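The chain contents come next:
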Amino acid sequence: MEDQEDDPGAGNVRVLCRFRPLNEKEKQMSDNMNIEFPSDNKTVVVNQHMESGEPLKFNFDYVFSPRAAQVTVYEIAARPIVEAVMQGFNGTVFAYGQTSSGKTFTMTGPDLEDPTMMGIIPRMVSTVFYQIENADEHIEFQVKVSYCEIYLEKIKDLLDPTKNNLKVHEDRARGVYIADLTEKSVYNQDDVYELMKIGTANREVGATNMNAGSSRSHAIFILTVTQTNSQDFSTKVGKLYLVDLAGSEKVGKTGAAGKRLEEAKNINKSLTMLGLVITSLTDGKSTHIPYRDSKLTRVLQDSLGGNSKTALIVTCSPSPYNEAETISTLRFGIRAKSIKNKPKINREYTVAELKLMLAKAKEEIIKRERTIRMLEKALEKNNIPLPNINLSLEEEKSSDEEVEEEKATNAEYLEVIAELEDTRTKLSEEIAIKAKMKQDNDKFIDEIEEARIEYENLLKMYNELGARIEEMEESIKEKDDLIEKLVVTKESLESIVDGFNNHQLELEQALTSKDVEINQLKIDLKMSKPTISNDQLTALQSRLQETQEENHRLEQEIEALQKRAYSALPKQAQNIEQFKEEALKKERDKWNDEKRKLIRELQIRVETIAKLEDELDDAKHNYKALESTLSEGERTLKKKSDILERNLEQLTLMYHQLVSEKSKWTVEKKVSDRKNQRLTEKAKALEDQIKSERQRFEQLDFQLKNVSEELEERKSVRPTIGNGPARNIRKTIRGGGAKGADGSSTPGHNRYFSMVNENPFERNN
Ligand SMILES: Nc1ncnc2c1ncn2[C@@H]1O[C@H](COP(=O)(O)OP(=O)(O)OP(=O)(O)O)[C@@H](O)[C@H]1O
C-alpha cells in the first residue's frame, strides 16, 4: 500500500568521512599527516606505510578535512536526515571510528549551547523546533525524547537509570523498538538539552590512554516527532536515531586492563557484529542477516537495510600513529556505503483515504468480472466448452511449486487481513480520541458562548449607563438654565417689590397730605369760623379729584404688576413641574395666592379711600350747607364737626392700617427673599446630587472596563485539555510557532538558526 511518495527509491546508506586535527600527543610523535584531501570533497588518500606502501584512495559521499566546521558537518551530513524525519521518515545518524577519533565531538560537541562548537544532536534539535515553528498551523506536533546506552550488552535507560536491562521488541506498527524505554515530551530546545545533560551524566565514561573522556558504551538518542493534521486527521511519525558508538580500540594502545579491558572486549565484539551485519547486507550472498547477535545490531536493525534514511559518519585520526585503525575504519565505511535501505513515510491513513482505496479495489473487481464474462461469451460463441474448474482436482494436480505459490498467496492474504484488522483497531482508537476531542471542543465552544453573552450583557449595561449619564448631563444643563432664569426672576421680583414700596410711600405721602388738610379743616371747624373759601373748596375738590385719579392710576399699575407677576409665575411653575418639583410649585402657588390676596386687600383699602372720599364729598356738601346755614348756630356746626371728626378718625385709622400694611409688605418681602434663597439652595443640593450620581456612574464605568478587560484576557487564553503542565503526559505543539496546549512556545530558542542563517559554511574550528 506504499505510494510513490513512500518509496523515493531505495536509499543507500550515505557514508561521510571526517578527519579530526592532530592532537598534542600525536603532534609530539609526528606532526606529519599521512592523509590527503583532494578538492572534490569526496575522496581521501591515505599515504600508507603498512601494506603495499601504495597510496589508498577511498570514495565517500563527502569527506570533511580537519578544518571542517561543526556547522558544515551538520549541514551536509545530518540536515537532510532531520528534514526527512520531519516528512515522516525514520532517520539515523551514527558515528563510527577508533577511540578518540572524534565521534562524541561530532555527534554532541564539546558544548551543547555554544553555537560554534555544538555538535549534530543539538543542531538537529534546533532544526526540528525551527521547522515546527514554521509549519502550517493545522499541523500539531508531539516531540518525545528517549536516551539510552548499550553497555556490556545491556540496554540502560539514561533518563531513568533504574531501568538497566531493557528488551528489544518488534511489531508491525512500530518496527524494532526498545520496550519500556522512557519517553519524555519536550516543547523546546532547552527541554531537550536538559534531558541530554541528565542522560550524559548517567553515561559510562572512563579515561583511557587515548581519551580522557572515552565513551565506554554505545549511546543512542531517540527523537520521535509525531505530526497530526487537524484537518484530515492523518498522522505521520518520524523517528530519529542519533548514535554515538563506543570507539574500537587496540587494548595494547589504550592500556585497558581490568574493567576497562572487559569493556573494550565487549565494545570490539559488538562492533565486529556490526561489521558482520554490514557484510551480510552487502555481500549479495547472505540469506540471513545476524541482527539478533548483538544488542547494537538489533536496535539498529531498521537503520541498516530497513525502514530508515541513514547517514554514517566515519571518524578518523590523521596521525600516522593510527594508520591501521584509520584504514580499517575507512574500509568499514566503504562497505556500509552499499547497504540499501527501504525508507517509507510512517503514516496512518485517514478514513477518507481508506474509503478511496476500497472504492478503487471494488472498481477493479467489477472490471475483472466484466472481462471474465466477455471471455466466457467468446468461448461460448466459438463452441469451446468452459473449463470445469474443480478446486479439489486442481489441488490433486498441482505441483509442489503451485502449493508453495498458493501458500504464499494465502500468507499474503492473511497479511492483508492482519493489516486491515490493525487499521480497523487504529481507526476505532482514533475515532474514540476524535470523539473526546470533539466533546472537549464543544465544551470549549459553550464556554466561549457563555463568555460572549456575559460580554454582550456588560456592553448593554455599559451603553445604558452611557445614555443615562448623557441624560443626567442634559438635566444638569437644564437645571443650570433654570437656576439662571430663577435668578433673573428673583431680581425682577425684587424690582417689583421695590416699585410697590415706592408706590406705597407715595400713597403714604398722599394720605399724610390729606391728613394735614383734614386737620386743617378740623381746626377751622373747631374755631367755628369757616375759613374755606369757594376757591379753596374748588381747589380741595380738584385735589380730591386728583387723589382719586392718582388712586385709579395706582390701581392700574398694581393690576399691571399683578399681570406681570402672573405671567412670570406660571412659567417658573411650568419649569419646576418639568423637574417634578411639586413642592416648589406649591410654594410658588401659595406665594401667588398670598400676593393676590394682598393686592385684593390693597384694592379694598383703595375702595375704602374712595368711600372716604365720597364721605369727604358729603362733608363738603354739608360744609356748603353749613356755609349757607352758618347763621343757624354753633350746635349744627358742632354736629357736622363731630361727623367730620369721626371721619377723620376713620381716616387716621386707615392711615395706621396702611402703615402696618407696609410693614407687613416688608415682612412678606423678607419671606419672599428667604424663599428665593431656599430655592437657590435646593437647586445647589440638586446639583451636588447630580455630581455624586455622576461619580457613581464613573465608578461603574471603571468596574465595567475592568470586567471587559478580564473577559478579553479569558477569551485569548485557550483552555487546556488534560491535567496541566506535567511534562510526561501527551501534549502537542502547534505548527507555525503557535502556543502548545501548555501555553509554551518555541520562539526565542533558535539560537543556532540565527547563527546558521548568517552564513553557515564560513566558520571553521
Ligand atoms: N574535529 C575536531 N576538532 C577539534 N577537536 C576534536 C575534533 N574531533 C575530536 N576532537 C577532540 O579529540 C578528543 C577526542 O574526541 P572524542 O571524545 O569526540 O572522541 P571519541 O571518538 O568519541 O572517543 P571515544 O570513542 O573514546 O569516546 C576530544 O578532546 C575532542 O575535543
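Please read all numbers here as calculations on a predicted model, not as lab measurements.

A. Structural view of the pattern of salt bridges. On inspection of all chains with the given rule, the structure shows 14 salt bridges. In this structure, Asp 440 engages Lys 436 in a salt bridge whose closest nitrogen and oxygen atoms are separated by 3.0 Å. Here the residue Asp 440 and the residue Lys 436 both occupy positions in helix 12 (residues 400-526), the gap between them amounting to 4 residues, near one helical turn. Across the pair Glu 449 and Arg 452 runs a salt bridge whose closest N-O atoms are separated by 2.7 Å. Remark: Arg 452 and Glu 449 occur in helix 12; sequence separation between them is 3 residues, near one turn of the helix.

B. Fine view of the packing of aromatic side chains. Applying the stated criterion across every chain, the model contains 4 aromatic pairs. Geometrically, the ring pair formed by Phe 19 and Phe 37 is edge-to-face, given 5.3 Å between the ring centres and 75° between the ring planes. Note that Phe 19 is positioned in strand 1 (residues 14-19) and Phe 37 in the loop between strand 2 (35-36) and strand 3 (43-46), a separation of 18 residues in sequence. Measuring from ring centre to ring centre gives 4.8 Å for Tyr 62 and Phe 64, while their planes differ by 35°; the resulting arrangement is tilted. The pair Tyr 62 / Phe 64 is uniform in exposure class, with both members buried. The ring of Phe 89 is capped by Lys 309, whose NZ or CZ atom sits 4.6 Å from the centre of that ring.

C. Region of interest: the packing of helix 2 (residues 70-86) against helix 4 (residues 120-133). Where helix 2 meets helix 4, the axes come as close as 9 Å, and the angle between the chain directions of the two elements is 45°. It follows from the interaxial angle that helix 2 and helix 4 lie oblique. Between helix 2 and helix 4 lies a crossing whose hand is right-handed. Seen from helix 2, the contacting residues are Gln 70, Val 71, Val 73, Tyr 74, Ala 78, Arg 79, Ile 81, Val 82, Glu 83 and Met 86; seen from helix 4, they are Ile 120, Arg 123, Met 124, Thr 127, Val 128, Gln 131 and Ile 132. Looking at the contact of helix 2 with helix 4 residue by residue, the classes come out as 11 nonpolar, 3 polar and 3 charged.

D. Structural detail: the sheet that holds strand 2. Strand order in the open sheet formed by 3 strands is 2-3-4, and the pairing between neighbours is antiparallel. Each edge of the open sheet is held by one strand with a lone partner, namely strand 2 and strand 4 (56-59). Relative to strand 4, strand 3 is paired through 4 bridges, and the arrangement is antiparallel. Looking across to strand 4, one finds that Val 45 is bridged to Lys 57. Sheet contacts for helix 9 (residues 323-337): strand 3 and strand 4; angle to strand 4, the most-contacted strand, approximately 35°.

E. Layout of helix 5 (residues 189-201). Its 13 residues place the ends of helix 5 18 Å apart at the C-alpha level, agreeing with the 18 Å of an ideal helix rising 1.5 Å per residue. A side-chain oxygen of the first residue of helix 5 lies 3.2 Å from the backbone nitrogen of Asp 190; this N-cap is Asn 188.

F. Highlighting helix 2. Along its length, helix 2 shows its largest kink, about 50°, at Ala 78, and proline Pro 80 lies within four residues downstream of that point. For helix 2, the tally of buried residues reaches 15 of 17 residues, placing the bulk of the element in the interior. One or two residues past the end of helix 2 sits Gly 88, with phi positive at roughly 105°.

Conventions adopted
The residue numbering used here restarts from 1 in each chain and proceeds along that chain's sequence as written. It should be noted that, the model being predicted, local features are given only for residues of pLDDT at least 70 and side-chain atom pairs only at 80 or more, the latter also being counted only at that level, while totals for whole chains, interfaces and linings use all residues. Side-chain measures were taken over the full set of non-hydrogen atoms in the model, leaving aside hydrogen atoms and water. A pair is scored as a salt bridge if a Lys or Arg side-chain nitrogen falls within 4 Å of a carboxyl oxygen belonging to Asp or Glu. A run of H or I in DSSP becomes a helix once it reaches four residues, and a run of E becomes a strand once it reaches two; helices and strands are each numbered from the N terminus. Two rings belonging to Phe, Tyr or Trp (six-membered ring only in the last case) form a pair when the distance between their centres is within 6.5 Å. Interplanar angles under 30 degrees mark stacking, angles over 60 mark edge-to-face geometry, and anything in between is tilted. Relative accessible area decides the class of each residue, using a 1.4 Å probe on protein chains only: under 20% of the type maximum gives buried, over 50% gives exposed, and in between gives partly exposed. By the criterion adopted, a ring carries a charge over it if an Arg CZ or a Lys NZ lies within 6 Å of its centre and within 35 degrees of its normal. The convention used is that axes are lines fitted to C-alpha atoms, helices contributing only their stretch in contact, and that angles between N-to-C directions extend from 0 to 180 degrees. Geometric relationships in this document are graded by angle, where less than 35 degrees denotes roughly parallel, more than 145 denotes roughly antiparallel, 65 to 115 denotes roughly perpendicular, and other angles denote oblique. The crossing is said to be left-handed when, going from far helix to near helix, the turn is anticlockwise and less than a right angle, and right-handed when the turn is clockwise. Residue contacts follow a heavy-atom distance rule, with two residues in contact if any of their heavy atoms lie within 4.5 Å. Ten residue types, Ala, Val, Leu, Ile, Met, Phe, Trp, Tyr, Cys and Pro, are classed as nonpolar, four, Asp, Glu, Lys and Arg, as charged, and the remainder, Gly among them, as polar. When DSSP finds at least two bridges between two strands, those strands are taken to pair. Each residue after the first adds 1.5 Å to the expected span of a helix. Residues adjacent in sequence count toward polar contacts only when both atoms are side-chain atoms; beyond that, a polar contact is any pair of N or O atoms within 3.5 Å, and within protein one must be able to donate a hydrogen and the other to accept it. Bend at a given residue is defined as the angle between two axes, one fitted to the seven residues that end at that position and one fitted to the seven that begin there.

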